[in-house]
Amino acid sequence: MSLQVEDLRVYYQTLAGEVQALDGVTFSIADGEIMGLAGESGCGKTTLGNSLIRLSARMRYIGGSAVLDGEELPIWDGERMNAFRFEKVSMIPQYAMSAMNPTRKIGRMTGELLESRKVSYHSILPELKRRLDLVELSHDVLNMYPIELSGGMKQRAVMVISTLLNPSLLIADEVTSALDVSTQKAVAEMLVEFRDREYVNSMIFITHDISILYQIADTILVMYAGKLAEKAPTEVIINSPRHPYTRLLISSLPTVGVKYAEEKLKGIPGHPPMLLDPPSGCRFRDRCPVAFDKCVEEPPFLEVEDNHFVACWREFEDA
Amino acid sequence: MLNVENVSKTYQVGAFGGKKLQAVSEVSFDVQDGEVVSLIGESGSGKSTIGRMILGLITETAGTITMDGVDISTLRQERLKDYYRHVQGVFQDPFSTYNPIFKADRVFKIIKDEFFPEVKGAEWKSMVSRSLRSVGLNPDQCLDKFPHQLSGGQLQRLLIARALLLDIKLLVADEIISMLDASTRIDVLNLLADLKSRGLSILFITHDLSLGYYISDRAVILYQGRVVEKGSTEKIYSNPLHPYTRMLMASVPRLDKKWDEVEIKADVDLRDKYLATGGGCVYYGRCPWGDKDCTQGTPALIEMESDHYVACIRYAEGGSGGQAAPSGEAAASTAAG
């Protein structure tokens, strides 16, 4: 097991009170696994990704643990966490386009980053060039400022830089969302290539777009309103999901070949609960077509089949 | 009804406007009554520029846009206002369309002051309620609220309801669901389809091929401001002809097919830094079929079958189907459905 997360809770501090953005999540990622993390905006997927590398000032660690390769990540301690960042855990942020220092040439910026980890730029330069070749970027980019690159090129440059020290865990947050479909495909396939070449051991690929996860992820974890709904191998989530939310979500996706006139898709009525004061019990209860009395209690996240976890009372009925 | 004829738009860019950027070049298409037409393209394809020109927000550099036979660039004052009674737009970001310090329903008041000053308060209220119900909103839940109290889907529907208060014939919908969550976007899409069945024409601008297919009767595929393929959605998707359309179809992530099953390699800059400034095909720089003939003049749109046009010289040689898809490429085309 590469990563094991136990009952992790991270809340946001706001003037109105605490927003329970990540409320007790437990899951694990195997070696070499690309786990897709899917959900709607505000479901806590970015919070989960961020909490494994850096808590922003407004985020507060409440409890739980994350163990990476047998070592516990000191999530609550920003100083101690620094030793893990970049070397063990790395991230490609949501806005990779603006992730680079605009006042430094890319090569120099990379050098400064490596220096902070006591790695010499010159010793790693050959490897850096090999990886630039892999993502089809010319070596000239090292002598360029970020502004000289197109969005897709910056994205690829950030991918190379953030994985340069072969981190064990890579968190890719909505990296393909702002790209055109053709570039999107290229970037997603490069990330898979990075895993295949063992530049990274395992990966959390955060996105709202389930169809891209179907292309590249080994497993998919679906979140809803700060809680886990379902986790299973990709094929299982797409073809035989068990949580009502996952089912409705997947059946609402238009895909090439579906026409309004022939097959009318349905959305999910209602909207997610406010996480400032979330309702007790199952958080999907209000929108769920199969909710029953038991749903006022909170459902546990249990393994119903091999590697298939789900948090729904309906699935535990026969058990 | 709406007819876009040879429309081009050139922007002045650079420090003193010395450089020219050709955003849209010689684009022609039409939208019939009760029809949904998709404008599909990636960023920089000029799709939003075309939408803005139709809405009269910017003026075209060349060509004409006519609505029911009237050139819209000649409209002034009262007649322009009349035009806006019939043609309205809804845009991508519902959150920045509203002024956060006013209540969201202020958008209705603006319409009333401008177009319906004579309508009495009570009558106006019932008109607003009717319009809200027709877009699937409950008036009690969304009137008298601030924008942050409503969801993106609700805000977007409020804007559609606002447009419906006028006697609109054409709605320009520019990426209106790309910022919405999966569970709510389909409802807004279905709403558009409902409006269409009630006789509204819609110009649906999107970068998402699957959304374009779901809702539209006809589609126009744009690349760098030029139409590369257009015609019936059904025909374009089941038999994409232009290499760019084929590449797009192959790159779209789908739930029924993995990327490995399609062969085209995406995003290769085959002829780096090639610019179609001196004429020639705009797609030449990335085209796997390209050869030196492609740099000679802009390919014209050729009708390959009824209501299916493509702009690629490969199809021009030897008449229809003469030298169609070179062998091997045919396997890569992804037949829809």
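Cut-offs used in this document
- Residues numbered from 1 in each chain as written.
- Chains lettered and ligands numbered in written order.
- Predicted model: local features only at pLDDT ≥ 70, side-chain atom pairs only at ≥ 80, totals over all residues.
- Helix = DSSP H or I, 4+ residues; strand = E, 2+ residues; numbered from the N terminus.
- Contact = placed C-beta atoms within 7 Å.
- Pairing = 2+ DSSP bridges.
- Nonpolar A, V, L, I, M, F, W, Y, C, P; charged D, E, K, R; others polar.
- Expected span 1.5 Å × (residues − 1).
- Bend = angle between axes of the 7 residues up to and from the residue.
- Axes fitted to C-alpha atoms, helices over the stretch in contact; angles between N-to-C directions.
- Domains from an automatic or database assignment.
- Buried ≥ 20, exposed ≤ 12 C-beta atoms within 10 Å, placed from the backbone.
- pLDDT = per-residue confidence, 0-100.
- Core = buried A, V, L, I, M, F, W, Y, C linked by C-beta atoms within 7 Å.

Draft legend 1. Representation of the overall build of chain B in the model. What chain B contains, in helices and strands, is eleven helices and twelve strands. Within chain B, residue pairs in contact and separated by at least 24 positions form 63% of the contacts whose partners lie at least 6 positions apart.

Draft legend 2. Layout of the pairing of strand β2 (residues 17-29) of chain A. Residues and elements named next belong to chain A. Both strand β1 (residues 3-14) and β2 contribute to a ladder of nine bridges, which runs antiparallel. Looking across to β2, one finds that leucine 3 is bridged to isoleucine 29. Between the end of β1 and the start of β2, which pair antiparallel, lie two residues.

Draft legend 3. Fine view of the interface of chain A and chain B. The interface of chain A with chain B comprises 32 residues on the first partner and 33 residues on the second. Of all the secondary-structure elements, those providing two or more residues to the side of chain A that touches chain B are α6 (181-196), α7 (210-216) and α9 (244-251) of chain A. If one sorts the elements of the side of chain A that touches chain B by residue count, α6 of chain A sits on top with five residues. Class assignment of the residues belonging to the side of chain A that touches chain B gives a composition of 14 nonpolar, eleven polar and seven charged.

Draft legend 4. View of helix α4 (residues 121-134) of chain A. Counted at 1.5 Å a residue, the expected span for α4 of chain A with its 14 residues is 20 Å, and the 19 Å between its end C-alpha atoms agrees. At glutamate 127 of chain A, α4 of chain A is deflected by roughly 30°, the largest bend along its length.

Draft legend 5. Highlighting the sheet that holds strand β9 (residues 219-224) of chain A. All names here are of chain A. Pairing within the open sheet is mixed, and its eight strands lie in the order β6-β7-β8-β3-β9-β10-β12-β11. The sheet terminates laterally at β6 (89-92) and β11 (302-305), the two strands that pair on one side only. Neighbouring strand axes in the sheet, compared pairwise and without regard to direction, differ in orientation by 25° on average. As judged from the three bridges shared by β11 and strand β12 (residues 308-310), these two strands associate in the antiparallel manner. When the bridges of β12 are listed, leucine 302 appears paired with valine 310.

Draft legend 6. The arrangement of the sheet that holds strand β5 (residues 71-72) of chain A in detail. Overall, antiparallel pairing links the four strands, which are arranged β2-β1-β4-β5 (chain A) in an open sheet. Only two strands of the sheet have a single partner each, and these edge strands are β2 and β5 of chain A.

Draft legend 7. Highlighting the domain arrangement of chain B. Residue and element names in this part refer to chain B. Domain boundaries assigned for chain B yield domain 1 (2-223) and domain 2 (239-332). With four residues of domain 1 at the interface, the matching set in domain 2 holds eight residues. Those elements that provide at least two residues to the side of domain 1 that touches domain 2 are α9 (209-215) and β9 (218-223). Class assignment for the residues of the side of domain 1 that touches domain 2 results in three nonpolar, one polar and no charged.

Draft legend 8. Expanded view of the environment of glutamine 94 of chain A. Inspection of the secondary structure assignment puts glutamine 94 of chain A in the loop between β6 and α3 (106-115). Every residue in contact with glutamine 94 of chain A, bar those within four places of it in the chain, is listed here: Thr46, Asp173 and Glu174 of chain A.

Draft legend 9. The arrangement of helix α7 (residues 152-165) of chain B in detail. When the terminal C-alpha atoms of α7 of chain B are compared, their 20 Å separation across 14 residues agrees well with the 20 Å that a helix rising 1.5 Å per residue should span. Most of α7 of chain B sits out of view: 14 of its 14 residues are buried.

Draft legend 10. View of the confidence of the model for chain B. All names here are of chain B. The pLDDT averaged across chain B works out to 85; a share of 88% of its residues lies at or above 70. The low-confidence segment residues 319-337 (pLDDT under 50) makes 27 contacts with residues lying over four places distant or belonging to another chain. For this predicted complex, the interface confidence reaches an ipTM of 0.80, while the overall pTM sits at 0.86.

Draft legend 11. Focus on the nonpolar core. Membership of the largest hydrophobic core comes to 92 residues, with the highest contact counts inside it found for Ala173, Leu203 and Val220 of chain B. The greatest single-element share of this core, amounting to eight residues, is contributed by α7 of chain B. When residues of this core are assigned to domains, at least three fall in each of domain 1 (2-223) and domain 2 (239-332) of chain B. What leucine 203 of chain B contacts, discounting residues up to four positions off in sequence, is Val31, Val37, Leu39, Gly51, Ile54, Leu170, Val172 and Ala173 of chain B. In this structure, Val141, Ala157, Tyr214 and Leu249 of chain A belong to the second largest nonpolar core, which totals 86 residues.

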